[in-house]
Amino acid sequence: MTATESPEAADEIEPVEDFRARARAWLAATLPPAGSEAWDPSPERRARERQLQRTLWDGGFAGICFPKAYGGLGLTPEHQRAFTVESLPYDMPFSMNVPTLGILAATLVDFGTHEQKLRHLPAILRGEELWVQFLSEPSGGSDLAGCLTRADRDGDTYVLNGSKIWSSGAAAADWAMCLARTDWDVPKHRGLTMFLMEIHQPGVQVEQIRQVDGSREFCQEFFDDVPLPASAIVGEVNDGWTVATRLLTHERMAVGGGSPYTSGRSVGHRSTNASDELVGLVRSRGLEGDARARQLVAEARVDQIVANHLVRRTTQAMATGALPPPAGALMKLFLATNSMRRVEIGLELAGRGAVAWPAGETDGAGDTGGAGELGRATLQRQAICLGGGSNEIQRNIISERLLGMPRELAADKDVPYRDVRRAGSREPR
Ligand SMILES: Cc1cc2nc3c(=O)[nH]c(=O)nc-3n(C[C@H](O)[C@H](O)[C@H](O)COP(=O)(O)OP(=O)(O)OC[C@H]3O[C@@H](n4cnc5c(N)ncnc54)[C@H](O)[C@@H]3O)c2cc1C
């Protein structure tokens, strides 16, 4: 599918087990142990993760599957999997994985010009650039091709106006891939273009959105006559849908745990020992002899083993062409439903302890034996069923593009987008 499937110089490739042994020794000598698995969007953690990414780069372990020509190691997904397994006990730059490495850098590998790759990929691998995706809009995210943000040509440049929303971590990021409408006179999928853009520049206003758990990870952006050079176009003018589709495939693989471009734990990667956290919870509540508690822990462990096999089998099938790229939806859907179930199991095991916030963040809830983190997880549990496309959209993809069932009716499919009736804040000229 990509450069990572056929390494650049097969005769020079280090055997996977030699690479694994070298990585194991380097990790033990270089990185501190992993802390809490909780997603920490604080500026301090982000700065720390940039440093960790730089440490990987300096140690020769950044960008394992990225092309050598752009700063990567040009190795295989097997090398990446070996490194990921070895790195699980260590503090790694987790937030670099999604969306920067697994989604946006991966899309740049597929569609970027030589100059774009040379400019950005080594900088990303050194931890100097965090990226974000500007896709969803206030008028709706599932209908991505219904994008209303516009980029109008003005001589050699394009002028961007509109708004994007639900951009994860945009306030702390440096660059974005932004989907905009460049032609209103063709059906919706054919008038879109993908642009690279620097986030913090005149004309771009980034507002953080406060969520129910108090975090401010999500952002909304407002674009007011932002100039974009033609050299910022990714892929072809008016062919942004092709780029966006591939980007979403990378997203499903990265979130589902099957991306060859991410290192260490990612949203979807847990070892079969992840249910050890639930075992710890059971012990802290003295439920070791409780038949129901034992059954729930076993269920979580079985689900995780199934997930790991599903990811491996699906990614291998996608790599050989036995399954088409939309198969990423299988991993994404399973991960989302599995994650929801895991939170429910944790809640049932934690009992009243789950309503308390983690120690140190409350007005004295105190140590809840790890159960308090579940309160936050409960508030966030549906996020994974929406981000990267909702469960319903994954089911549509699986039924239409994998199982060959009839496609959903789309009344606007062949209509020039200018003539499509729609809700939305900005009307075309
Ligand atoms: C954790 C997280 C991170 C995110 N990060 C980003 C990001 O970085 N950048 C970005 O651009 N966006 C991001 N998003 C936004 C995400 O892509 C959208 O939330 C998602 O695409 C759904 O769009 P929407 O929220 O506008 O819901 P809508 O599109 O309005 O959908 C509402 C409901 O209708 C259902 N629905 C819609 N269409 C259909 C259909 N055809 N068939 C069946 N059901 C349908 C949906 O499943 C959903 O339940 C993120 C979201 C989350 C939760």
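Definitions and cut-offs
- Residues numbered from 1 in each chain as written.
- Predicted model: local features only at pLDDT ≥ 70, side-chain atom pairs only at ≥ 80, totals over all residues.
- Heavy atoms only, no water.
- Near = heavy atom within 4 Å.
- Polar contact = N/O pair within 3.5 Å; in protein donor to acceptor, adjacent residues only side chain to side chain.
- Areas by Shrake-Rupley, 256 points an atom, 1.4 Å probe, with all protein chains shown as cover.
- Nonpolar A, V, L, I, M, F, W, Y, C, P; charged D, E, K, R; others polar.
- Axes fitted to C-alpha atoms, helices over the stretch in contact; angles between N-to-C directions.
- Helix = DSSP H or I, 4+ residues; strand = E, 2+ residues; numbered from the N terminus.
- Parallel < 35°, antiparallel > 145°, perpendicular 65-115°, else oblique.
- Contact = heavy atoms within 4.5 Å.
- Left-handed = near helix turned anticlockwise from the far one by under 90°.
- Core = buried A, V, L, I, M, F, W, Y, C linked by side-chain atoms within 4.5 Å.
- Buried < 20%, exposed > 50% of the residue type's maximum accessible area, 1.4 Å probe, protein only.
- pLDDT = per-residue confidence, 0-100.
- Salt bridge = Lys/Arg side-chain N within 4 Å of Asp/Glu carboxyl O.

**Q** What is the right way to read the site of the ligand from this model?
**A** Surrounding the ligand, one finds 20 residues, the nearest of these being Gly141, Ser142, Trp166, Ser390 and Glu392. A distance of 2.7 Å separates an oxygen atom of the ligand from a polar backbone atom of serine 136. Glutamate 408 has a polar side-chain atom sitting 3.0 Å from a nitrogen atom of the ligand. Relative to its free-state accessible area of 960 Å², the ligand is covered by the protein chains to the extent of 68%. Here the shell around the ligand is composed, by residue class, of 7 nonpolar, 11 polar and 2 charged.

**Q** Would you mind going over the packing of helix α2 (residues 43-59) against helix α4 (residues 94-111) with me for this structure?
**A** Between two packed helices, both the angle of their axes relative to each other and the distance between the axes serve to describe the pair. Following both chains from N to C, one finds α2 and α4 inclined at 85 degrees, their axes separated by 8 Å at the closest point. As judged from the angle between their axes, α2 and α4 are roughly perpendicular. Listed contacts from α4 to Arg45, Arg46, Glu49 and Gln53 of α2 are Phe94, Ser95, Met96 and Leu101.

**Q** I tried to follow the packing of helix α6 (residues 240-256) against helix α9 (residues 328-350) on my own but got confused; where do I start?
**A** In the contact formed by α6 and α9, the axes pass within 8 Å of each other and the chain directions differ by 40 degrees. Looking at the two axes, α6 sits oblique to α9. Note on packing geometry: the crossing formed by α6 with α9 is left-handed. In this structure, α6 uses Arg252, Met253, Val255 and Gly256 to contact α9, whose residues at the interface are Gly328, Ala329, Met331, Lys332 and Leu335. Each residue belonging to the contact of α6 with α9 can be placed in one class, and the counts come to 5 nonpolar, 2 polar and 2 charged.

**Q** How should the nonpolar core be read in this particular structure?
**A** In a soluble, globular protein the nonpolar side chains are often hidden away together inside. Formed by 68 residues in total, the largest nonpolar core has its most connected members in Phe83, Phe134, Leu160, Met194 and Met197. With 9 residues, α4 is the single largest residue contributor to this core. Residues within four places of leucine 160 in sequence aside, it is in contact with Thr149, Arg150, Ala151, Cys178, Ala180, Met197, Phe223, Asp224, Asp225, Val226 and Leu228. In terms of nonpolar packing, the next biggest core, distinct from the first, is built from 13 residues, Leu278, Leu281, Leu296 and Ala350 among them.

**Q** I keep staring at unusual backbone geometry and nothing clicks. Help me out?
**A** Only a minority of non-glycine residues have a phi that is not negative, and only a minority of peptide bonds are not trans. Going from valine 98 to proline 99, the amide bond is cis rather than trans, its omega being 5 degrees. If you trace the backbone, proline 99 turns up in helix α4. With phi around 55 degrees, aspartate 225 is a residue other than glycine that occupies positive phi space.

**Q** Explanation requested: the confidence of the model for the protein in the structure shown.
**A** The share of residues in the protein with pLDDT of 70 or more is 89%, and the mean pLDDT across the chain is 88. Low pLDDT, under 50, characterises residues 1-6; the predicted model gives this stretch 13 contacts beyond four residues in sequence or across chains. With pLDDT under 50 throughout, residues 361-369 is counted as low confidence; its partners more than four residues away or in other chains account for 10 contacts.

**Q** Please clarify how the pattern of salt bridges should be interpreted in this entry.
**A** Close approach of charged atoms allows side chains with opposite charge to pair. Following the criterion strictly, the structure yields 26 salt bridges and no others. The closest approach of N and O atoms between lysine 188 and aspartate 412, which form a salt bridge, is 2.9 Å. Of this pair, lysine 188 sits in the loop between β4 (175-181) and β5 (192-198) while aspartate 412 sits in the segment after α11 (391-402), and the two are 224 residues apart along the sequence. For aspartate 412, a relative accessible area of 17% corresponds to the buried category. The salt bridge involving arginine 342 is made with glutamate 277; its shortest N-O contact spans 3.4 Å. Taken as a pair, arginine 342 in helix α9 and glutamate 277 in helix α7 (residues 276-284) lie far apart in primary sequence, 65 residues in all. What makes arginine 342 buried here is its relative accessible area of 17%.

**Q** Explain the side chain of arginine 20 here, please?
**A** Among the secondary structure elements, arginine 20 is positioned in helix α1 (residues 16-30). In terms of polar contacts, arginine 20 uses its side chain to reach the side chain of glutamate 17, at 2.9 Å. For arginine 20, the contacting residues outside a window of four places in its chain are Ala82, Val85 and Glu86.

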